[in-house]
Amino acid sequence: MKKLAVFASGAGSNAQKIIEKFRNHPDMRVSLVVCNKPGAGVINIALMAGLQVLMIERERFMKGDAYIPELAAAGIDAIILAGFLWKVPDNLVDAYRGRILNIHPALLPAHGGKGMYGMHVHASVIASGDTRSGITIHLVDERYDHGDTIFQAEITVRPGETAESLAARIHELEHRHFPVVIEKFFTEPGGPPVERPAESLSS
Ligand code: GRF
């Protein structure tokens with residue numbers, strides 16, 4: 001049984017979908033939710049799902065042991081970042097190299113890097129005049145939004161699209177693909193190929 005820890009800082013809608021996906025899965029399950037923001041929506045989602053929540057503090061996470069002992073004690077095999085806003089420290093990257101996935105709400109390398117999260121990303125896409133956006137699921141390494149891309153899905157940016165309307169469409173794309181990509185990555189040997197399914201133009 002592969003045990004996943006989901007790290008999240010916000011509402012947790014992605015965490016919710018991932019928890020649901022693996023609730024009765026034969027090979028994988030979410031067994032811990034890690035959060036850095038008291039009061040975040042993801043905490044309630046985790047508690048309602050009967051999951052343990054590990055609240056983390058910046059100093060110990062960034063400059064200490066990155067809570068690796070707690071992850072090891074929980075038997076965590078892989079880490080899923082689902083809207084986690086802190087950079088993963090090098091010691092944690094080392095401890096879980098090749099087994100930390102992140103989702104970014106744009107087509108990296110465009111609109112990525114430090115400070116590019118949430119609405120900032122969608123505003124950047126709109127401001128750039130790009131006609132396509134989408135999601136990127138990638139391995140996490142020592143640099144922001146830099147590790148190997150595992151999956152991308154694209155949608156058109158509609159004329160008159162706002163950052164808010166784009167955010168809502170991207171969120172739907174995340175919820176549809178992230179749980180499935182996680183499953184494929186950790187159950188298929190060698191992980192899934194890099195896919196770029198062209199979302200139907202109407203989506
Ligand atoms: C998502 O847009 C994800 O792409 C980004 O953070 C957001 C998390 O949203 N990394 P939620 O907390 O899962 O609703």
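Look up a bit, the structure's there.
The residue numbers shown here count from 1 along each chain, following its written sequence. Totals for whole chains, interfaces and linings use every residue, but because this is a predicted model, local features are given only for residues with pLDDT of at least 70 and side-chain atom pairs only at 80 or more, for both listing and counting. Note that water and hydrogens are dropped before the side-chain values are worked out from all heavy atoms of the structure.

J.: Please clarify how unusual backbone geometry should be interpreted in this entry.
T.: When glycine is set aside, most residues are seen to have a negative phi, and most peptide bonds are trans. Leu-108 connects to Pro-109 through a cis peptide bond whose omega is 10°. Secondary structure elements follow DSSP: runs of H or I no shorter than four residues count as helices, runs of E no shorter than two count as strands, and numbering proceeds from the N terminus. Inspection of the secondary structure puts Pro-109 in the loop between strand 5 (100-104) and helix 6 (119-128). Backbone geometry at Tyr-67 places phi at a positive 60°, although glycine is not the residue there. Throughout, exposure labels follow a simple rule: accessible area from a 1.4 Å probe, protein chains only, divided by the maximum for the residue type, with under 20% read as buried, over 50% as exposed, and the rest as partly exposed. What makes Tyr-67 buried here is its relative accessible area of 6%. In the Ramachandran plot, His-111 falls in the positive-phi region, its phi being about 50° despite a non-glycine side chain. With relative accessibility at 16%, the residue His-111 sits in the buried group.

J.: Even after reading the chapter, I still don't get the site of the ligand, so can you show me in this structure?
T.: As a structural note, the neighbourhood of the ligand is formed by Gly-10, Ala-11, Gly-12, Ser-13, Asn-14, Gly-83, Ile-103, Pro-105, His-171 and Glu-174. Nitrogen and oxygen atoms within 3.5 Å of one another constitute a polar contact, given that in protein one can donate a hydrogen and the other can accept it, and given that sequence-neighbouring residues count only through two side-chain atoms. In the environment of the ligand, an oxygen atom lies 3.3 Å from a nitrogen or oxygen atom belonging to the backbone of Ala-11. A distance of 2.4 Å separates an oxygen atom of the ligand from a polar atom in the side chain of Glu-174. Elements represented by at least two residues in the shell around the ligand include exactly helix 1 (13-21) and helix 7 (163-187). Whether a residue is near a molecule or strand is decided by its heavy atoms; if any one of them lies within 4 Å of it, the residue is near.

J.: In this structure, what is going on with the side chain of Glu-174? I would like to understand it.
T.: You can see Glu-174 is positioned in helix 7. Asp and Glu are treated as the negative residues and Lys and Arg as the positive ones, with His and the ends of the chain left uncounted. Put simply, a salt bridge is a Lys or Arg side-chain nitrogen that is within 4 Å of an Asp or Glu carboxyl oxygen. No salt bridge is formed by the buried Glu-174; the nearest opposite charge belongs to Lys-17, separated by 11 Å.

J.: Before we go on, may I ask you to explain the packing of helix 6 against helix 7 in this structure?
T.: Packed helices, taken two at a time, are described by the angle between their axes plus the distance between the axes. At a minimum axis separation of 9 Å, helix 6 and helix 7 run at an interaxial angle of 115°. Helix 7 is crossed by helix 6, and the crossing has right-handed handedness. Of the residues in helix 7, those touching helix 6 at Met-119, His-122, Ala-123, Val-125 and Ile-126 are Ala-163, Glu-164, Leu-166, Ala-167 and Ile-170. Nonpolar residues are Ala, Val, Leu, Ile, Met, Phe, Trp, Tyr, Cys and Pro. Charged residues are Asp, Glu, Lys and Arg, and all others, Gly as well, are polar. Residues belonging to the contact of helix 6 with helix 7 are distributed by class as follows: eight nonpolar, one polar and one charged. As a rule, the C-alpha atoms of each element are fitted with a line to give its axis, helices using only the stretch in contact, and angles between N-to-C directions run from 0 to 180 degrees. Helix crossings are classified by the rotation of the near helix relative to the far one: an anticlockwise turn of less than a right angle makes the crossing left-handed, while a clockwise turn makes it right-handed. Contacts are residue-level and defined by heavy atoms, with any inter-residue pair within 4.5 Å sufficient.

J.: Help me understand helix 1 in this model?
T.: A turn of α-helix holds 3.6 residues, and therefore any two residues three or four places apart point the same way. Those residues of helix 1 that fall on the buried side of the exposure criterion are Asn-14, Ala-15, Ile-18 and Ile-19. Each buried residue of helix 1 lies within a common arc of 135° when the element is viewed along its axis, so the set occupies one face. This arc is taken over the directions from the axis of the helix to the C-beta atoms.

J.: Would you take a moment to explain the pattern of salt bridges for this structure?
T.: Pairs can form between side chains of opposite charge once their charged atoms are near each other. Counted by the stated rule, this structure contains eight salt bridges. In this structure, the salt-bridge partner of Glu-142 is Arg-97, at a minimum N-O distance of 2.5 Å. Of the two residues, Glu-142 sits in the loop between strand 6 (132-139) and strand 7 (149-156) while Arg-97 sits in the loop between helix 5 (90-95) and strand 5, which places them 45 residues apart along the sequence. Taking relative accessible area as the criterion, Arg-97 reaches 43% and is therefore assigned partly exposed. In this structure, Glu-154 and Arg-132 form a salt bridge, with 3.1 Å as the shortest nitrogen-oxygen distance. Residue Glu-154 is found in strand 7, and its partner Arg-132 is found in strand 6; the two are separated by 22 residues along the sequence. Assessed through its relative accessible area of 27%, Arg-132 is described here as partly exposed. The network of salt bridges with shared partners includes Arg-60, Asp-65 and Glu-70.

J.: Could you clarify how one ought to interpret the nonpolar core in this entry?
T.: For soluble globular proteins, the rule of thumb is that nonpolar side chains tend to be buried together. Within this scheme, the nonpolar core is defined by two criteria: the residues are buried Ala, Val, Leu, Ile, Met, Phe, Trp, Tyr or Cys, and they are joined through side-chain atoms within 4.5 Å. Counting residues in hydrophobic clusters, the biggest one holds 39 residues, and the most contacted among them are Leu-4, Ile-18, Val-30, Ile-80, Ile-182 and Phe-186. Residues lining this core come from more than one domain, with at least three contributed by each of domain 1 (1-97) and domain 2 (103-203). If sequence neighbours within four positions are ignored, Val-30 has contacts with Leu-4, Val-6, Ile-18, Ile-19, Phe-22 and Leu-51. Among the nonpolar cores identified, the runner-up in size contains 22 residues, and Leu-71, Trp-86, Val-88 and Ile-100 belong to it. For each domain, the first and last residues come from an automatic or database assignment.

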